[in-house]
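This is what each chain is made of:
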Amino acid sequence: MRTNNTLVLFLLLCQITYGQIAGEKLIHGKIVVESGNVEGITIINLVNEKSTASNSKGDFYILAKAEDLLVFSSINLEYHRKIIEEEDLKSDILIVKMMSKVIELEEVTINKHPEINAVALGISPKGIIQRTRGERRLYSANSTPITALINAISGRTAMLKKELEVEKKVRLLVVFGSLFDYKYFTHTLKIPSDYIKGFQYYCIEDKNLAEALKSKNIAKINFLIVPLALKYNEIISGQQ
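On a predicted model such as this, the values are computed, not experimentally measured, just so you know.

With antiparallel pairing, the four strands of this open sheet are ordered in space as S3-S2-S5-S6. Of all strands in the sheet, those bounded by a partner on one side alone are strand S3 (51-53) and strand S6 (77-83). Strand-to-strand twist across the sheet, computed as the mean angle between neighbouring axes with direction ignored, equals 15 degrees. Here strand S5 (residues 69-74) pairs with S6 via five bridges, running antiparallel. Bridging across to S6, Leu-69 finds its partner in Ile-83.

The structure is reproduced here in structure tokens:
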């Protein structure tokens, strides 16, 4: 009797597992950009938490099913999101168009003249909280108790939180790229050129370095990044 119960439980678990992955397909996608590099773009499925990166031609492969949300991020391209539809699963190749990142005038002005900003010019009222796109979407999802409840039940809130975390990491990578050039990684830190992007992802997972990047504290970043580089080189040397 006990054996039969165990068998029933095993079959039930198999059905649940199958139900979770049913409908998933290995999607072949291609990223298209008018001008810019299409290699090394990060693609994350926020539903099954699978991730991959594009090759030099912009091609990528990732498991997904209908209604899964894919997010595409790169230092030089605008953040992009794509909800997978049934038609996408039937296509041989999923074409994803991305835009090159445009430098915002406000960011340039603030860096050179801190006293000149949107509030000082009267464009934006004083005291208004400036939110990123991901923060605005999450705030809107919880704007009222009823909206918050509906989004929590549907899983939208959890998905938006994951998307916001990806956005934060992309912002840190942008800061990383603006503070240090290619030679800093290859000559100073001795990171192989093919591993620079991987090292940047490795660094932003470190809480202390992430905080230093947010404040753009160069002295602190240099202090923290050297031991991370030594550790990372040990890791990749063991993989080669």
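Picking up after the structure, the text goes on.
Together, Leu-26, Tyr-61 and Leu-63 make up a nonpolar patch on the protein surface, roughly 290 Å² of accessible area in all. Here Tyr-61 lies in strand S4 (residues 59-64). Taking the relative accessible area as the measure of exposure, Tyr-61 reaches 46% and is therefore partly exposed.

Moving on: the sheet that holds strand S1 (residues 25-33). Strand order in this open sheet of three strands is S4-S1-S7, and the pairing throughout is mixed. This sheet does not close on itself; its edge strands, each paired only once, are S4 and strand S7 (94-98). If you compare each strand with its neighbour and ignore which way they point, the axes differ by 35 degrees on average.

A few words on helix H6 (residues 156-179). In this model, H6 (24 residues) spans 35 Å end to end at C-alpha, consistent with the 34 Å of a helix rising 1.5 Å per residue. Listed as buried for H6 are Thr-157, Leu-160, Glu-163, Leu-164, Val-166, Glu-167, Val-170, Leu-172, Leu-173, Val-175 and Phe-176.

What counts, and where the lines are drawn
- Residues numbered from 1 in each chain as written.
- Predicted model: local features only at pLDDT ≥ 70, side-chain atom pairs only at ≥ 80, totals over all residues.
- Heavy atoms only, no water.
- Pairing = 2+ DSSP bridges.
- Helix = DSSP H or I, 4+ residues; strand = E, 2+ residues; numbered from the N terminus.
- Axes fitted to C-alpha atoms, helices over the stretch in contact; angles between N-to-C directions.
- Patch = residues over 30% accessible without salt bridge, like charges linked within 9 Å, V, L, I, M, F, W, Y side chains within 5 Å.
- Areas by Shrake-Rupley, 256 points an atom, 1.4 Å probe, with all protein chains shown as cover.
- Salt bridge = Lys/Arg side-chain N within 4 Å of Asp/Glu carboxyl O.
- Buried < 20%, exposed > 50% of the residue type's maximum accessible area, 1.4 Å probe, protein only.
- Expected span 1.5 Å × (residues − 1).

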